Amino acid sequence: MDIMMQMEKYTKKSSINRKLRELIKIRVSQINGCAYCLNMHTSDARKMGETEKRIYCLSAWNECDFYSSEEKVAFELSEHITLIPTKRVPNDLYQRVREHYNEKQYVDLVLIINQINSWNRISIAMGNTATEE
């Protein structure tokens, strides 16, 4: 768990916008069906000032005009990495991501996405559930 926490500290210091980091965590947790992480990250996003509309519509991000092109390509990358056995990360997606993010930011996005995928798997495997606060 120490390694997971070290990686968490690193991702929090990345140059990726903190609200976008939370939205990525929400989208990946939706795909993975991790209620514990969904509960945590939607709450965190609200505390950061993210709107209900943007949180609620995240599962249909590609049909919304209130996400920026920078956010949309990050969500698409998130879906492809999360569903890597079937989606992979095609070169055209890499090129579109690189139109908005430099190489270090691309690596940071990949690490953020992999980090929440790992947390989802740990949480689900350990039987964590969403609870009332």
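Attention in this report is confined to the structure presented alongside it.

Rules of the game
Residues numbered from 1 in each chain as written. Predicted model: local features only at pLDDT ≥ 70, side-chain atom pairs only at ≥ 80, totals over all residues. Heavy atoms only, no water. Phe/Tyr/Trp six-rings, centres within 6.5 Å; stacked < 30°, edge-to-face > 60°. Buried < 20%, exposed > 50% of the residue type's maximum accessible area, 1.4 Å probe, protein only. Lys NZ or Arg CZ within 6 Å of the ring centre and 35° of its normal. Core = buried A, V, L, I, M, F, W, Y, C linked by side-chain atoms within 4.5 Å. Helix = DSSP H or I, 4+ residues; strand = E, 2+ residues; numbered from the N terminus. Contact = heavy atoms within 4.5 Å. Salt bridge = Lys/Arg side-chain N within 4 Å of Asp/Glu carboxyl O.

### Here we look at the packing of aromatic side chains
Then, in step 1: Using the criterion set out here, one finds four aromatic pairs in the structure.
Then, in step 2: Judged by centre distance (5.1 Å) and plane angle (50 degrees), the rings of Phe66 and Tyr67 are tilted.
Then, in step 3: Look at Phe66 and you get partly exposed, because its relative accessible area is 25%.
Then, in step 4: Overall, the relative accessible area of 4% leaves Tyr67 in the buried class.
Then, in step 5: Of the aromatic side chains, those joined through ring pairs into one cluster are Trp61, Phe66, Tyr67 and Phe75.
Then, in step 6: The cationic tip of Lys53 hangs over the ring face of Phe66; the distance from NZ or CZ to the ring centre is 4.6 Å.

### Looking at the nonpolar core
Then, in step 1: In this structure, Ile24, Phe75, Leu77, Val97, Tyr101 and Leu109 are the most contacted members of the largest nonpolar core, which totals 29 residues.
Then, in step 2: For this core, the secondary structure elements donating two or more residues are helix H2 (18–32), helix H3 (35–47), helix H5 (69–82), helix H7 (91–98) and helix H8 (103–125).
Then, in step 3: If you tally residues by element for this core, the top one is H8, at six residues.
Then, in step 4: Setting aside anything within four residues of it in sequence, one finds Ile24 in contact with Ala74, Phe75, Ser78, Leu109, Ile112 and Ile113.

### Quick look at unusual backbone geometry
Then, in step 1: Non-glycine residue Arg88 carries a positive phi angle of around 60 degrees.
Then, in step 2: Relative to the helices and strands, Arg88 is located in the loop between helix H6 (84–87) and H7.

### Thoughts on the pattern of salt bridges
Then, in step 1: This model, assessed by the stated rule, comprises ten salt bridges.
Then, in step 2: Where Arg27 meets Glu79, a salt bridge forms, and the shortest distance between an N and an O atom there is 2.8 Å. Residue Arg27 is located in helix H2, and its partner Glu79 is located in helix H5; the two are separated by 52 residues in the primary sequence.
Then, in step 3: Note on Arg27: relative accessible area 11%, which makes it buried.
Then, in step 4: Judged by its relative accessible area of 12%, Glu79 is buried.

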